[in-house]
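# Residue-level structural notes
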Amino acid sequence: MIVRVLDSAGRTALNMCNGVGDFVLFFVRAVSVLLTTRLKVRQVLYQMESIGVGSSLIVFLTGSFTGLAFALQSYIGFSRVGTEEFIGLVVTLGMTRELGPVLTGLMVTGRCGSAMAAEIGSMRITEQVDALSTLCIDPYQYLIVPRIVASTLIMPFLTVLSMLCGIVGGYLLCVYVLFLNPEQYIDIIRERVELSDITGGLIKAAFFGLFLAWVGTYEGFTTTGGAQGLGRSTTRSVVIGSIIILISNYFLTSWLFQTGVAA
């Protein structure tokens, strides 16, 4: 019984190590192709349009209503101690440092990370990826690298949209619903918010864009098992991408805002 349990644990550990190794080697190959071959600029622009413009509405809604809810909760808490003038500062810092990049990353992962896995996965199971190799077209150069580059570049712009929507949403709630002083909301932002708070959030967004494209393209590229395997790859791209974003958010926050790198 003990031997069977140890054998099962060992096999699980080996499979996990193999999976992590393949995942890292996939990224190393993509970086190598990026540095040694000509970048498909047209593909990058197409992917940026697909990810950025296609996700703008969901990012707008997410940022706006997150800012509204955050401002309302801040008002409920600060009104108990008479410090409502700090609502603008809290909402702005929350949106620029954490909520803007993280929620944008999660939303884009759900929309575009799964789409990357589904598109490349369907090409894999229908042997279109093999056909590209037959035609002397590097699948990494044509399929993988443009998506990773485009996602990394466009995510900060989507995050800026989310930040602005959240801050403006909090302002509208405070001024026109809670009837607070609009000058206090703006003045506290001007006085206390630093450029490093914004740049730190944008750096995090770029990393999140890299992670979600990395996971989505990897899951699609390694799809096996027909339609059922395609469904698993699509689901795994969202789950694993979201987990990586949430875990990496802590380490990026520690690196950027505690060591002052963002400044």
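Values in this document were obtained by computation on a predicted structure and should not be read as measured data.

Analysis parameters
Residues numbered from 1 in each chain as written. Predicted model: local features only at pLDDT ≥ 70, side-chain atom pairs only at ≥ 80, totals over all residues. Heavy atoms only, no water. Helix = DSSP H or I, 4+ residues; strand = E, 2+ residues; numbered from the N terminus. Buried < 20%, exposed > 50% of the residue type's maximum accessible area, 1.4 Å probe, protein only. Contact = heavy atoms within 4.5 Å. Polar contact = N/O pair within 3.5 Å; in protein donor to acceptor, adjacent residues only side chain to side chain. pLDDT = per-residue confidence, 0-100. Core = buried A, V, L, I, M, F, W, Y, C linked by side-chain atoms within 4.5 Å.

## Here we look at the environment of Trp214
- Along the chain, Trp214 falls in helix α7 (residues 195–221).
- Exposure remark for Trp214: the relative accessible area of 12% places this residue in the buried category.
- Taking C-alpha positions, Trp214 is 10.0 Å from Ala117, a pair spaced 97 residues apart along the chain.
- If near-sequence neighbours (up to four positions away) are discounted, Trp214 is found in contact with Phe23, Val24, Phe26, Phe27 and Ile148.
- A polar atom in the side chain of Trp214 sits 3.2 Å from the backbone oxygen of Phe23.

## Looking at the confidence of the model for the chain
- When the pLDDT values of the chain are averaged, the result is 92; 98% of them are 70 or greater.
- Highest mean pLDDT in the chain belongs to helix α5 (residues 139–176) (96); lowest belongs to helix α1 (residues 2–36) (87).

## Let's talk about the nonpolar core
- Among the nonpolar cores identified, the biggest contains 37 residues, and Phe26, Ile51, Val108, Tyr140, Ile144, Phe208 and Phe221 are the most heavily contacted of them.
- Those elements that place two or more of their residues in this core are α1, α2 (41–78), α3 (87–125), α4 (128–134), α5, α7 and α8 (226–258).
- Looking at this core element by element, the count peaks at ten residues for α5.
- For Phe26, the contacting residues outside a window of four places in its chain are Tyr140, Ile144, Trp214, Thr217, Tyr218 and Phe221.
- Counting residues in hydrophobic clusters, the runner-up holds 14 residues, among them Ile87, Leu173, Cys174 and Leu178.

## Observations regarding the side chain of Thr104
- By the secondary structure assignment, Thr104 is in helix α3.
- Within the structure, the side chain of Thr104 is placed 3.5 Å from the side chain of Ser162, a separation counted as a polar contact.
- With residues near it in sequence (within four places) discarded, Thr104 still touches Val59, Leu99, Met155, Leu158, Thr159 and Ser162.

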